[in-house]
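Here are the chains, one letter per residue:
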Amino acid sequence: MEGDVMDKVEATATVRDFDPISGSIPATKVEITVSCRNLLDRDTFSKSDPLVVLYTQGVESKQWREFGRTEVIDNTLNPDFVRKYILDYFFEEKQNLRFDVYDIDSKSPDLAKHVSEELFFFFDFLGQVYCTLGEIVGSPASRLEKPLGGIPGKKCGTIVLSAEELGNCRDYATMQFCANKLDKKDFFGKSDPFMVFYRSNEDGTFTICHKTEVVKNTLNPVWQPFSIPVRALCNGDYDRTIKVEVYDWDRDGSHDFIGEFTTSYKELCRGQSQLNVYEVVNAKKKIKKKRYINSGTVSLLSFNVESEHTFLDYIKGGTQIHFTVAIDFTASNGNPSQSTSLHYMNPYQMNAYAMALKAVGEIIQDYDSDKMFPALGFGAKLPPDGRVSHEFPLNGNIENPYCNGMEGILEAYHQSLKTVQLYGPTNFAPVVNHVARYAAAVQDGSQYFVLLIITDGVISDMAQTKEAIVNAAKLPMSIIIVGVGQAEFDAMVELDGDDIRISSRGKLAERDIVQFVPFRDYMDRTGNHVLSMARLAKDVLAEIPDQLISYMKSRGIKPNLVPPAYSTVDIPQTNPV
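Residues numbered from 1 in each chain as written. Predicted model: local features only at pLDDT ≥ 70, side-chain atom pairs only at ≥ 80, totals over all residues. Heavy atoms only, no water.

Asker: Now, about the sheet that holds strand β19 (residues 380-382): what can you tell me, with residues and values included?
Answerer: Note on sheets: strands pair through backbone hydrogen bonds, and any given pair is parallel or antiparallel. In space, the 3 strands of this open sheet follow the order β20-β19-β23, with antiparallel pairing throughout. Edge positions in the open sheet fall to β20 (387-389) and β23 (421-422), since each of these has one partner strand only. For β19 and β20, the ladder comprises 3 bridges, and the chain directions are antiparallel. Across the sheet, Lys-381 pairs through a bridge with Val-388, a residue of β20. (Pairing = 2+ DSSP bridges. Helix = DSSP H or I, 4+ residues; strand = E, 2+ residues; numbered from the N terminus.)

Rendered as structure tokens:
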């Protein structure tokens, strides 16, 4: 009896708090291949012996740290390096990279010596390039070619960076299990069994990665098939132990431990066979009872592995992400000429509108080849006649509302504040419908639209906006709403369908496409705006890849196949086209 109580306590500690959404799954990994063309020749009697060093930058410290280096290739100005860099990729983060190229004349590992005059013969600096990981994967065929710089007055050649998503990141395993003659744990009736799967970690601990449904009142349950990313199951190590615990479900959460077994991804791949029939063992019972054999068996009924198309598959296949911003020009923001206004232009720092725009836009722009973005305003009176508009171009050009890059949008925003009169009300539907019209015209998967709405207040046209969002959910688009200032944003939470899917006139949205956040939740207490912006971008952009995939899957759109990203036979000219 005492053992059973202890079993319950241990089971409660491991199972009760399980939340499948909050479990951290390793990031998608991408492999970066490096080539250079027409490098500087620093050697007198032969060609350079190049090596490339990759540095990554911390979000908070902004310090550059060496991530890794390629091998040295002797006597060439056009190296194709074999050694790759493998990086964790996050769409929602700005991942700054720096590639430095050196000519190596010594086996000394201390790269810092290249800055010393007396030791300059060890390393010759051949150039460097700065970019983001998003810039590489967002380039056509995920291949970025950039001129090397860093040596004034010299043409340093070019560097070619190609990104490839690692294969095991995209595999999903679908499996089904049944059990036979499990221990009876309930006083009245049979057990209500369920299973919990754990991935083993490098340090010997275990991380929960899946929980089956409960099958009521049976000792011989057949669970529903379930799918799980292979990386969540074994993190790409096919021999890594997978632990499975079997429990009897109790209403109060104190589930009874029936027993456990271990397997591995490699073993599961063998499919249904005697090799995949497992004895469920309760170690405490085994110690106490001499005749104990097991607490039942679990059998694998089916096992199938498929490659799911990933966000990067679509980006590499040519899908462009089009970014539109819509800014709130209602009077509740305050007079822009006064420092209390949310639109106040402080010469020394950006206001909340500019920060939110820059935080999101700087990341998304890597996935749009022409870097031309429509920028709209709403809730203002326009010159010359003072008519109220909820869909006006910030640059004043109705025929062409496009701005050149983030700087172009910020400049048009600043100019608008000098020419329009803040008014009201706060209507979202016109700008949502504006982007939806463009999205409706291109539904073949070649383009995906992201609308960023930055607002300070309570929405005035809730019914119309809900209808616009429900209609937009069928289209290749997502909506990000950032609330600035101290207003109550309760109504906005309703638009963000994380808990309850948004509906209009009895019609549910096909997909959840809205993400709302109040900017004040991300403001760094020490006044570090770079950190505030990074936190905001991370949260509001995290859902975009899955929203894009959900649209593509719902329409049966597969990524375009692209030709090999780079041929080592062709040697491009020094200056990229």
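Alright, that's what it looks like, and here's the rest.
Asker: Please set out the sheet that holds strand β11 (residues 206-211) residue by residue, giving values where relevant.
Answerer: The 4 strands lie next to each other as β11-β10-β13-β14, forming an open sheet whose pairing is antiparallel. Because the sheet does not close on itself, it has two edges, and the strands there are β11 and β14 (256-264). Averaged over all neighbouring strand pairs, the angle between strand axes comes to 30 degrees, with direction disregarded. Note: strand β13 (residues 241-248) against β14, 8 bridges, orientation antiparallel. Its bridge partner lying in β14, Val-244 is registered against Phe-261. (Axes fitted to C-alpha atoms, helices over the stretch in contact; angles between N-to-C directions.)

Asker: Go over the packing of helix α9 (residues 429-441) against helix α10 (residues 462-472) with me, naming the residues and quoting the values.
Answerer: Any two packed helices are characterised by the angle at which their axes cross and by the distance between the axes. The N-to-C vectors of α9 and α10 enclose an angle of 15 degrees; their axes lie 9 Å apart at closest approach. The angle between the axes of α9 and α10 places the two elements in the roughly parallel class. Two packed elements cross with a definite hand, and for α9 against α10 that hand is left-handed. Residues Ala-429, Val-432 and Asn-433 of α9 form the contact with α10, whose own contacting residues are Gln-464, Thr-465, Ala-468, Ile-469 and Ala-472. Residue composition of the contact of α9 with α10, by class: 5 nonpolar, 3 polar and no charged. (Parallel < 35°, antiparallel > 145°, perpendicular 65-115°, else oblique. Left-handed = near helix turned anticlockwise from the far one by under 90°. Contact = heavy atoms within 4.5 Å. Nonpolar A, V, L, I, M, F, W, Y, C, P; charged D, E, K, R; others polar.)

Asker: How would you sum up the side chain of His-343? Please name residues and give values.
Answerer: With respect to the helices and strands, His-343 occurs in the loop between β17 (320-328) and α7 (352-364). Side-chain polar atoms of His-343 contact the side chain of Tyr-413, separated by 2.6 Å. Leave out the neighbours within four places in its chain, and His-343 touches Ile-327, Asp-328, Phe-329, Asn-333, Pro-336, Asn-351, Tyr-353, Tyr-413, Leu-417 and Leu-422. (Polar contact = N/O pair within 3.5 Å; in protein donor to acceptor, adjacent residues only side chain to side chain.)

Asker: I'd like a rundown of unusual backbone geometry, residues and numbers included.
Answerer: Among all residues except glycine, the phi angle is most often negative; among peptide bonds, the trans geometry is most common. Note the cis peptide between Pro-383 and Pro-384, where omega equals 5 degrees. Residue placement: Pro-384 occurs in the loop between β19 and β20. Note that the residue after Gly-424, namely Pro-425, is joined by a cis bond; omega there is -5 degrees. Turning to its location among the elements, Pro-425 is positioned in the loop between β23 and α9. Despite not being glycine, Asn-38 shows a phi value in the positive range, around 55 degrees. Structurally, Asn-38 is set in the loop between β1 (28-37) and β2 (50-57). Judged by its relative accessible area of 25%, Asn-38 falls in the partly exposed class. Of note, the phi angle at Asn-75 is positive, near 60 degrees, even though the residue is not glycine. (Buried < 20%, exposed > 50% of the residue type's maximum accessible area, 1.4 Å probe, protein only.)

Asker: Provide a residue-level description of the nonpolar core, including the pertinent values.
Answerer: Grouped together as the largest cluster of nonpolar side chains are 93 residues, with contacts concentrated most on Ile-32, Phe-99, Phe-311, Phe-323, Phe-329, Val-482 and Leu-541. Ranked by residues supplied to this core, first place goes to α7 with 10 residues. Setting aside anything within four residues of it in sequence, one finds Phe-323 in contact with Leu-357, Val-360, Gly-361, Ile-364, Asp-368, Phe-373, Pro-374, Met-406, Ile-409, Val-450 and Leu-452. Formed by 32 residues, the second largest nonpolar core is a distinct cluster that contains Ala-439, Ala-472, Met-477 and Phe-516. (Core = buried A, V, L, I, M, F, W, Y, C linked by side-chain atoms within 4.5 Å.)

Asker: Explain the pattern of salt bridges to me, using residue names and the numbers behind them.
Answerer: Counted under the stated rule, the structure contains 18 salt bridges. A salt bridge links Glu-66 to Arg-69, with the nearest nitrogen and oxygen atoms 2.9 Å apart. Relative accessible area serves as the criterion here: at 38%, Glu-66 is assigned to the partly exposed category. Taking relative accessible area as the criterion, Arg-69 reaches 26% and is therefore assigned partly exposed. One salt bridge in this structure joins Arg-555 and Glu-510, with 3.0 Å as the shortest N-O distance. Remark: Glu-510 occurs in the loop between β27 (507-508) and β28 (514-518) and Arg-555 occurs in the segment after α13 (544-554); sequence separation between them is 45 residues. Among the residues examined, Arg-555 registers a relative accessible area of 33% and is labelled partly exposed. Ionic contacts of the salt-bridge type, sharing partners, join the residues Lys-94, Lys-358 and Glu-362 into one network. (Salt bridge = Lys/Arg side-chain N within 4 Å of Asp/Glu carboxyl O.)

Asker: Mind laying out the confidence of the model for the protein chain, listing which residues take part and the relevant values?
Answerer: Here the protein chain averages 86 in pLDDT, while 88% of its residues score no lower than 70. Contacts of residues 1-26 to residues separated by more than four positions or lying in other chains number 40 contacts, the stretch itself having pLDDT below 50. Contacts from residues 112-121, a stretch scored under 50 in pLDDT, to residues over four places away or in other chains number 9 contacts. (pLDDT = per-residue confidence, 0-100.)

Asker: Residue-level account of the packing of aromatic side chains, with values.
Answerer: Tallying each qualifying case throughout the model produces 20 aromatic pairs. With 4.6 Å between their ring centres and 40 degrees between their planes, Tyr-238 and Tyr-265 make a pair best called tilted. Taken together, the residues Tyr-238 in the loop between α3 (230-234) and β13 and Tyr-265 in helix α4 (residues 265-268) connect sequence positions 27 residues apart. Put simply, the rings of Phe-329, Tyr-353, Phe-392 and Tyr-413 touch in pairs and so form one group of aromatic residues. The ring of Tyr-423 carries Lys-381 above its face, with NZ or CZ at 4.3 Å from the centroid. If you follow Lys-538 out to its NZ or CZ, it ends over the ring of Phe-90, 5.2 Å from the centre. (Phe/Tyr/Trp six-rings, centres within 6.5 Å; stacked < 30°, edge-to-face > 60°. Lys NZ or Arg CZ within 6 Å of the ring centre and 35° of its normal.)

Asker: Describe the packing of α7 against helix α12 (residues 529-541), listing the residues and the values that go with them.
Answerer: Where α7 contacts α12, the two axes come as close as 9 Å, and the packing angle between them is 60 degrees. With respect to their mutual orientation, α7 and α12 come out oblique. For the pair α7 and α12, the crossing hand works out as right-handed. Each of Met-355, Ala-356, Lys-358, Ala-359, Val-360, Ile-363 and Ile-364 in α7 lies in contact with α12, whose residues at this interface are His-529, Met-533, Leu-536, Ala-537, Val-540 and Leu-541. A class-by-class count of the residues in the contact of α7 with α12 yields 11 nonpolar, 1 polar and 1 charged.

Asker: Could you give an account of the environment of Pro-193, with specific residues and numbers?
Answerer: Relative to the assigned elements, Pro-193 resides in strand β10 (residues 193-200). Owing to a relative accessible area of 0%, Pro-193 belongs among the buried residues under this scheme. When the C-alpha positions of Pro-193 and Asp-256 are compared, they lie 9.2 Å apart, and in sequence the two are 63 residues distant. For Pro-193, the contacting residues outside a window of four places in its chain are Leu-182, Glu-213, Val-214, Val-215, Thr-218, Pro-221, Trp-223, Tyr-247 and Asp-248.

Asker: Which residues make up the pairing of strand β25 (residues 477-483), and what values go with them?
Answerer: Buried residues dominate β25, accounting for 7 of its 7 residues. Burial along β25 is two-sided: Met-477, Ile-479, Ile-481 and Gly-483 and Ser-478, Ile-480 and Val-482, pointing in opposite directions, are all buried. In the sheet, strand β24 (residues 447-455) pairs with β25 via 7 bridges, with the strands oriented parallel. Looking at the pairing, Ile-454 lines up with Val-482 of β25. Handedness of the crossover is the feature at issue here: the chain leaves β24, passes through α10, returns alongside β25, and the resulting connection is right-handed. Across 5 bridges, the pairing between β25 and β28 is parallel. Opposite Gly-483, over in β28, you have Pro-518 as the bridge partner. (Right-handed = clockwise from strand over helix to strand, strands pointing away.)

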